[in-house]
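Chain residues, written in single-letter form:
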Amino acid sequence: MRSVALRLFVIGILLSAKPALAFSQEPPAKHPRGASSALEPVYAPLAEQIVSDFQLTEKNGIGIDLGSGPGNLIVELCRRTKHMHWINADIDSSVFLGFMNKAHEAGFDGRVSAMHADATALPFRDSYADIIVSRGSFQFWDDLRAAFAEIYRVLKPGGAAFIGRGFPDNLPLELAAKIRERQREGGFVPEYDVDETARQLKDMAESLKIAGYKIRIPKPAGGDGVNYGIWIEFHKSASK
Ligand SMILES: C[S@@+](CC[C@H](N)C(=O)[O-])C[C@H]1O[C@@H](n2cnc3c(N)ncnc32)[C@H](O)[C@@H]1O
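Residues numbered from 1 in each chain as written. Predicted model: local features only at pLDDT ≥ 70, side-chain atom pairs only at ≥ 80, totals over all residues.

Undergrad: Please explain the overall build of the chain as it appears in this structure.
TA: The secondary structure content of the chain amounts to eight helices and seven strands. Residue burial in the chain is summarised as follows: out of 240 residues, 40% are buried. Pairs at least 24 residues apart make up 76% of the contacts formed inside the chain by residues separated by at least 6 positions. (Helix = DSSP H or I, 4+ residues; strand = E, 2+ residues; numbered from the N terminus. Buried ≥ 20, exposed ≤ 12 C-beta atoms within 10 Å, placed from the backbone. Contact = placed C-beta atoms within 7 Å.)

Okay, here's the thing in structure tokens:
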């Protein structure tokens, strides 16, 4: 246990050009307990989609999952990328031990690290990451514009971001409906207006002059009643 904590700390410091404490005294950001088991089927298809869309299978580089929590998405991303190093950057450092153990059990020692991070003030140097992903976290960030400015700053020129909440396009409709049903039974169904969120993301991207961003609202055929969530994708210009 002590050696895992020590390794976390050392890797976190080594990977950051702006040294930051790997563990902090800040109170954990709230996230719904028990929601993660209902979401279990989401992470593999989401990782599949990310790896395919951004051509990561053979890529060598750094990926950050912002607000990764227990790190389920990172483990699935490790399975599908041969060389990438993935960092769980979360404001709640109490999740890191469980995440590191999960990565260890899946055989990904050395492929992952964890860094205490607030999305609005990222502890990474400019042009550090090849890709930044995030699922189900941006709704907790205090200042969306500051966070996206940080994401843009930390991306390498030519790097990409895929940030959102909900499900990937490739999650089968029956499975998506079942997850929403389980969430309802568990007393937690995320209630938000997708169109209003799209407007917020659009305003934010335009005020930051992020060129060529795409708002992605998965809408599978026949899935009108099932909320698949919303995502924003953008690339940092290769000339910056
Ligand atoms: C609902 S959980 C989602 C966890 C994970 N991404 C998933 O899809 O299973 C939200 C996560 O965002 C993290 N979070 C909240 N505010 C944050 C912030 N300002 N910066 C970084 N992480 C944050 C929380 O600690 C939590 O782990």
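Read on for the rest.
Undergrad: Teacher, can you tell me more about the nonpolar core here?
TA: Taken as a class, soluble globular proteins show a tendency for nonpolar side chains to be buried jointly. By size, the foremost hydrophobic cluster in this structure holds 60 residues, and its most contacted members are A129, I132, I151, V154 and A161. Beyond its immediate chain neighbours, meaning those up to four positions away, V154 contacts L122, F124, D126, Y128, A129 and I132. (Core = buried A, V, L, I, M, F, W, Y, C linked by C-beta atoms within 7 Å.)

Undergrad: What should I look at first to understand helix α5 (residues 96-105) in this one?
TA: Helical geometry note: an α-helix holds 3.6 residues per turn, so side chains three or four residues apart project in the same direction. Residues of α5 that are buried: F96, F99, M100 and A103. With its buried residues spanning 95° around the axis, α5 presents them on a single face. For α5, the exposed residues set more than 90 degrees away from the buried face come down to G98 and E105. Among the residues trailing α5, G107 stands out with phi positive, at a value near 90°. (Arc of directions from axis to C-beta.)

Undergrad: What am I meant to see in the pairing of strand β3 (residues 112-116) here?
TA: In regular strands, side chains alternate between the two faces of the sheet. Within β3, five of the five residues are buried, which leaves the element mostly enclosed by the surrounding structure. On β3, burial covers both faces: V112, A114 and H116 on one face and S113 and M115 on the other are all buried. Relative to β3, strand β2 (residues 85-90) runs parallel, the two sharing five bridges. Of the residues in β3, the one forming a bridge with A89 is M115. For the crossover that starts at β2, traverses α5 and ends in the parallel β3, the hand is right-handed. (Pairing = 2+ DSSP bridges. Right-handed = clockwise from strand over helix to strand, strands pointing away.)

Undergrad: Can you help me understand the pairing of strand β4 (residues 129-135) in this one?
TA: Among the seven residues of β4, seven are classified as buried, and the element is accordingly described as predominantly covered. Two elements, strand β1 (residues 62-66) and β4, share three bridges in a ladder whose sense is parallel. Pairing of G63 across the sheet is with I131, part of β4. Pairing analysis gives six bridges linking β4 to strand β5 (residues 155-166), with the strands arranged parallel. Note on β5: the bridge partner recorded for R135 is G164. For the crossover from β4 across helix α6 (residues 144-154) to β5, the handedness is right-handed.

Undergrad: Mind showing me how you'd approach the environment of D142 here?
TA: With respect to the helices, strands and loops of the structure, D142 is situated in the loop between β4 and α6. A sequence separation of 24 residues divides D142 from D118, and the C-alpha atoms of the two residues are 9.5 Å apart.

Undergrad: Please clarify how the sheet that holds β3 should be interpreted in this entry.
TA: The strands making up a sheet are joined through hydrogen bonds of the backbone, oriented either antiparallel or parallel. With respect to topology, seven strands assemble into an open sheet ordered β3-β2-β1-β4-β5-β7-β6, the strand pairing being mixed. In the strand order of this sheet, the two ends are held by β3 and β6 (214-216), each with one partner. Direction aside, the axes of adjacent strands within the sheet are offset by 20° on average. Packed on one face of the sheet, α6 meets β4 and β5 and runs near 145° to β5. Here helix α8 (residues 194-207) sits on the sheet in contact with β6 and β7 (229-235), set at roughly 20° to β7. (Axes fitted to C-alpha atoms, helices over the stretch in contact; angles between N-to-C directions.)

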